[in-house]
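Summary of structural features
Residue strings, one per chain:
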Number of protein chains: 2
Amino acid sequence: MKIIMDMYGGDNAPLAPLKGAALAVKEYGVEIVAVGDEAEMKKLCAENEISTEGFEFIDAPLVMPVCAEPTEAVKSYKESSLTVGLKALSDGVGDAYVGAGSTGAIVVAATLIVKRIKGIKRAALASVIPGLEKDYMLLDLGANVECRPEMLNQFGMMGSIYMENVEGVKNPKVALVNIGEESSKGTDLQKTAYSLMEKAGYNFVGNVEARDVPSGKVCDVAVADGWTGNIILKTIEGLGGAFGKLIKGMLLKNIFTKLSALALKGGLSEFKQKLDYTKRGGAPLLGIARPVIKAHGSSNPEAFKNAINQAKIFVETDVNATISAALLKLKEDEE
Amino acid sequence: MKIIMDMYGGDNAPLAPLKGAALAVKEYGVEIVAVGDEAEMKKLCAENEISTEGFEFIDAPLVMPVCAEPTEAVKSYKESSLTVGLKALSDGVGDAYVGAGSTGAIVVAATLIVKRIKGIKRAALASVIPGLEKDYMLLDLGANVECRPEMLNQFGMMGSIYMENVEGVKNPKVALVNIGEESSKGTDLQKTAYSLMEKAGYNFVGNVEARDVPSGKVCDVAVADGWTGNIILKTIEGLGGAFGKLIKGMLLKNIFTKLSALALKGGLSEFKQKLDYTKRGGAPLLGIARPVIKAHGSSNPEAFKNAINQAKIFVETDVNATISAALLKLKEDEE
């Protein structure tokens, strides 16, 4: 199995992606196609004793900038490591793509270069989020700010297949994010999507209110348009960070609370681990013809290693073929 | 000052609202118009030694049910304490209205019976939320699931005036909730609203991402359509509850962590107090011709007392007259 990696995406590029790739070769036996400034990568690997066993290189010294207008950027940076890597994926040089470049650019470039699975209306950015009771997938996280009902229905189907195949969740519960539990709630988008999802064939459990999303109790897949998914994800991020700061402040107040911090060490590290994104790897871009994983911008080598493993399972469990098959069924249902 | 109260709204009605009203008479010197089953209220007050000094009663024994279709309910329950109370407000029997009845019914009934301030397109449900750095207002929380740009602009203006007058925040910072900081972000709704808000005359500070809302640091007033506001509010509620449970579980694990809980008592109660909604009272319904406060369904007497005080300040600071004046200015700006 060959994983194509953009080594020049993310805050810690290229060292963290290179180290993560070397770890993955050792642990998962994958091969790596390293895309970026070949001479620099080779030099850095030698200097930092990063094994390049199992690596091949594609030279693409241009780096895609983080940009407000991804469509323009993708057009102007056709020779960047981000786009060259996706071109290689499309040409069959490797089986999957992992990169921590700008989300917007990856979504646009993957759609333009690798293209969507036939019949899929839009690719969705998904993430498996550590829930307090159980992990859950939230999608779309912002690839499609505006959605049509059929898109939400397809997101539900793709999320269900991913969770079953890659995460091993049996018959995943799929819910539609809404402002109430009744089927009559929401805007026209949610009302129509509800009626499609009800008869789609996956395990649709109805609406989920935003207050029940973060625990992961109500559903395994929470479906939303990209606007709403992005709002929920960022509210969770913001509140999580704020709570962490608050607890820390509380614990460092005086000698007694500092001692408490020691007693609580186990619980706190369990808590931290629960919310640790590095275990997860990255966010799959569902609906693209070949597996694409967007790694977090702040990924460390461990996170890149896990993103590569995630891509490997994505390929092995043949998620895309299952999506294509389910799509035929979904289409019949709609007719 | 006379506050009209629906004594039959909320989980703890009618005892909690009656007790809260009695506390408010004593502490703030207001008079109360108690709407509900007069005989029962008088009996309960006598039995529970609740002083009815400063009370007058309006007999309305029918109770508005919690319902999925507020418009229908308001039409069918014209004689309920909720609607009779709002009719009394409209007739000038009192200066403001406080009730913990169903939010949808209060929004619909207030709009139909009390009517909007002239020129206001839609009333918005607002709440001052305890932020981790500083309290902030979020609106609309769901009164208007779909919004037009001019509505968001008016929400910003009304929120700014409320925060300045009732909460004493000088020159409140107003921001538009969006999925990015650049003015080009979001759907057409946000893009157009941004351009209106920029020249509206209040202290518009640009877009705020959902991750920066919960701290309260970026803005004093976060403006969103009712769909988005509801999603953010409920994500915060859900995550807050989940974090509380997690911390509790961590502290009760063993004898050492239980001792830690003692050491942390001060910090924890400070934390709890920070998030204590009862201090706040309720959610103002901004844009209605006379002051309406929606109290939380789970309000205890203390919370009702504070909601009454909030209504009193709402009246005293003449928020509505300021809104009317600002509206003339806002209209000129749009032309």
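Residues numbered from 1 in each chain as written. Chains lettered and ligands numbered in written order. Predicted model: local features only at pLDDT ≥ 70, side-chain atom pairs only at ≥ 80, totals over all residues. Heavy atoms only, no water.

**Focus: the overall build of chain A**
Short version of the rule: A run of H or I in DSSP becomes a helix once it reaches four residues, and a run of E becomes a strand once it reaches two; helices and strands are each numbered from the N terminus. Put simply, the radius of gyration uses C-alpha atoms, and a globule should come to 2.2 Å times the residue count raised to 0.38. Exposure categories follow from relative accessible area, calculated using a 1.4 Å probe and restricted to protein chains: below 20% of the type maximum is buried, above 50% is exposed, and the middle band is partly exposed. Any two residues having at least one pair of non-hydrogen atoms within 4.5 Å are treated as being in contact. Surface exposure here means Shrake-Rupley accessible area, sampled with a 1.4 Å probe, where a residue is shielded only by the protein chains that are shown. Under the counting rule used here, the positive set is Lys and Arg, the negative set is Asp and Glu, and His together with the chain ends is not counted. Just so you know, the charge point we use is NZ for Lys, CZ for Arg, CG for Asp and CD for Glu.
Scanning chain A from terminus to terminus reveals 12 helices and 11 strands. A globule of 335 residues ought to have a C-alpha radius of gyration of about 20 Å, and chain A, at 21 Å, matches this closely. For chain A, the spread of C-alpha atoms along the three principal axes comes to 60 × 60 × 35 Å. Every one of the 335 residues in chain A was classed for burial, and the buried ones make up 55%. Pairs at least 24 apart in sequence give 71% of the contacts found in chain A among residues at least 6 apart. Only carbon and sulfur atoms are counted for the fraction: they give 50% of the accessible area of chain A, which is about 13600 Å². Counting 38 positive and 42 negative side-chain charges, chain A places the centres of these two groups 4 Å from one another.

**What to know about the nonpolar core**
Most often, soluble globular proteins have nonpolar side chains that are buried together. For clarity, the threshold we go by: Here, nonpolar core refers to any group of buried Ala, Val, Leu, Ile, Met, Phe, Trp, Tyr and Cys residues whose side-chain atoms link them within 4.5 Å.
By size, the foremost hydrophobic cluster in this structure holds 92 residues, and its most contacted members are Leu-86 and Leu-285 of chain A together with Leu-86 and Leu-285 of chain B. Ignoring any residue separated from it by four or fewer positions in sequence, one finds Leu-86 of chain A in contact with Tyr-97, Ile-106, Ala-109, Ala-110, Ile-113, Val-114 and Val-292 of chain A.

**Some details on the sheet that holds strand S9 (residues 221–223) of chain A**
Note on sheets: strands pair through backbone hydrogen bonds, and any given pair is parallel or antiparallel. Residues and elements named next belong to chain A. Basically, it comes down to this: At least two bridges found by DSSP between two strands are what make those strands a pair. Helix axes are fitted only over the stretch in contact, all axes being lines through C-alpha atoms; the angle between N-to-C directions runs from 0 to 180 degrees.
Ordered by their spatial adjacency, 11 strands build an open sheet running S3-S2-S1-S4-S11-S10-S5-S6-S9-S7-S8, and the pairing between neighbours is mixed. Strand pairing shows two members of the sheet lacking a second neighbour, strand S3 (55–59) and strand S8 (204–209), which therefore form its edges. When strand polarity is set aside, the average angle formed by the axes of neighbouring strands in this sheet is 25 degrees. Looking at chain direction, strand S6 (residues 136–139) and S9 are connected through 3 bridges and run parallel. Each residue of the ladder has a partner; that of Met-137, found in S9, is Val-221. This element, helix H7 (residues 188–198), spans strand S7 (174–178), S8 and S9 of the sheet and lies at about 170 degrees to S7.

**Comments concerning the environment of Leu-239 of chain A**
Tracing the backbone shows Leu-239 of chain A in helix H8 (residues 226–251). When neighbours within four sequence positions are excluded, Leu-239 of chain A is seen to be in contact with Pro-214, Ile-236, Leu-239 and Gly-240 of chain B.

**Notes on the sheet that holds strand S4 (residues 96–99) of chain B**
Residues and elements named next belong to chain B. In spatial order, the strands read S3-S2-S1-S4-S11-S10-S5-S6-S9-S7-S8; together these 11 strands make up an open sheet with mixed pairing. Either end of the sheet is taken by a strand with one partner, and the two such strands are strand S3 (55–59) and strand S8 (204–209). For this sheet, the mean angle separating the axes of adjacent strands, direction not counted, is 25 degrees. Across 4 bridges, the pairing between strand S5 (residues 124–129) and strand S6 (residues 136–139) is antiparallel.

**A look at a negative patch on the surface**
For clarity, the threshold we go by: By definition, no residue in a patch forms a salt bridge, and every one has over 30% relative accessible area; like charges are joined within 9 Å, nonpolar side chains (Val, Leu, Ile, Met, Phe, Trp, Tyr) within 5 Å. What makes a salt bridge here is a side-chain nitrogen of Lys or Arg within 4 Å of a carboxyl oxygen of Asp or Glu, nothing more.
Judged by side-chain charge, Glu-69 and Glu-72 of chain A together with Glu-181 and Glu-182 of chain B come together as a negatively charged surface patch. Secondary-structure assignment places Glu-182 of chain B in the loop between strand S7 (174–178) and helix H7 (188–198). Since its relative accessible area comes to 35%, Glu-182 of chain B is described here as partly exposed.

**Side note on unusual backbone geometry**
Following Ala-13 of chain A, the chain continues into Pro-14 of chain A via a peptide bond in cis, with omega recorded as -5 degrees. Assignment of secondary structure puts Pro-14 of chain A in the loop between strand S1 (2–6) and helix H1 (15–28). Residue Asp-140 of chain B follows Leu-139 of chain B across a cis peptide bond; omega there is -5 degrees. Inspection of the secondary structure assignment puts Asp-140 of chain B in the loop between S6 and helix H6 (149–165). Located in the positive-phi region is Asp-318 of chain A, a residue other than glycine, with phi close to 55 degrees. Its location among the elements puts Asp-318 of chain A in the loop between helix H11 (301–316) and helix H12 (319–334).

**Here we look at the pairing of S5 of chain B**
All names here are of chain B. In terms of burial, S5 is a largely internal element, 6 of the 6 residues being buried. Side-chain alternation along S5 places Ala-124, Ala-126 and Val-128 on one buried face and Leu-125, Ser-127 and Ile-129 on a second face that is also buried. In this sheet, strand S10 (residues 282–286) lies alongside S5 in antiparallel orientation, the contact comprising 2 bridges. Considered in S10, the bridge of Leu-125 is made with Leu-285. With antiparallel pairing between neighbouring strands as the criterion, S5 and S6 make up a hairpin whose turn holds 6 residues.

**Description of the side chain of Asp-6 of chain B**
Residues and elements named next belong to chain B. Inspection of the secondary structure assignment puts Asp-6 in strand S1 (residues 2–6). The buried charged residue Asp-6 lacks any salt bridge partner; its closest oppositely charged side chain belongs to Lys-294, at an N-O distance of 9.1 Å. Contacts of Asp-6, omitting those with residues within four sequence positions, involve Val-35, Ser-81, Leu-82, Tyr-97, Val-98 and Gly-99.

**With respect to the confidence of the model for chain A**
Stated precisely, the cut-off is as follows: On a range of 0 to 100, pLDDT expresses the predictor's confidence in each residue.
Predicted confidence across chain A gives a mean pLDDT of 91, with 91% of residues reaching 70 or more. Of the two predicted TM-score estimates for the complex, the pTM is 0.90 and the ipTM is 0.89.

**Looking at the packing of aromatic side chains**
All names here are of chain A. Using the following cut-off: Ring pairs are drawn from Phe, Tyr and Trp, using the six-membered ring of Trp, whenever the two centres fall within 6.5 Å, and their geometry is named by plane angle: stacked under 30 degrees, edge-to-face over 60, tilted for the rest.
Across all of its chains, the model carries 6 aromatic pairs over all chains by this definition. Summarising the aromatic geometry, the rings of Tyr-162 and Phe-314 are spaced 5.6 Å apart at their centres and angled 80 degrees between planes, so their arrangement reads as edge-to-face. Taken as a pair, Tyr-162 in helix H6 (residues 149–165) and Phe-314 in helix H11 lie far apart in primary sequence, 152 residues in all. Of the two residues, Tyr-162 and Phe-314, both sit in the buried class.

**Here we look at the environment of Gly-131 of chain A**
Topologically, Gly-131 of chain A is positioned in the loop between strand S5 (124–129) and S6. Between the C-alpha atoms of Gly-131 of chain A and Gly-99 of chain A, which are 32 residues apart in sequence, the distance is 25 Å.

**Observations concerning the packing of H6 of chain B against H7 of chain B**
Residues and elements named next belong to chain B. As a reminder, the rule being used: In what follows, roughly perpendicular refers to angles from 65 to 115 degrees, roughly parallel to angles under 35, roughly antiparallel to angles over 145, and oblique to any angle outside these ranges. It is the rotation of the near helix from the far one that decides the hand of a crossing: anticlockwise by less than a right angle makes it left-handed, clockwise makes it right-handed. Each residue gets one of three labels, nonpolar for Ala, Val, Leu, Ile, Met, Phe, Trp, Tyr, Cys and Pro, charged for Asp, Glu, Lys and Arg, and polar for the others, Gly among them.
At their nearest, the axes of H6 and H7 sit 8 Å apart, and the two run at 45 degrees to each other. Accordingly, the angle class assigned to the pair H6 and H7 is oblique. Like other packed secondary-structure pairs, H6 and H7 cross with a definite hand, here right-handed. Along its contact with H6, which presents Pro-149, Glu-150, Leu-152 and Asn-153, the element H7 presents Leu-189, Thr-192, Ala-193, Leu-196 and Met-197. Residues belonging to the contact of H6 with H7 are distributed by class as follows: 6 nonpolar, 2 polar and 1 charged.

**Observations concerning the pairing of strand S10 (residues 282–286) of chain A**
All names here are of chain A. In terms of burial, S10 is a largely internal element, 5 of the 5 residues being buried. Relative to strand S11 (residues 292–295), S10 runs antiparallel, the two sharing 3 bridges. Bridged to Pro-284 within S11 is Ile-293. Turn length for the S10-S11 hairpin, with the two strands adjacent in sequence and antiparallel, is 5 residues, and the turn residue Gly-287 shows positive phi of about 110 degrees.

**As for the environment of Ala-193 of chain A**
Residues and elements named next belong to chain A. As for its position among the elements, Ala-193 is in helix H7. For the pair formed by Ala-193 and Leu-139, sequence separation is 54 residues and the distance between their alpha carbons is 14 Å. When near neighbours in sequence (up to four residues on either side) are disregarded, Ala-193 contacts Pro-149, Leu-152 and Leu-176.

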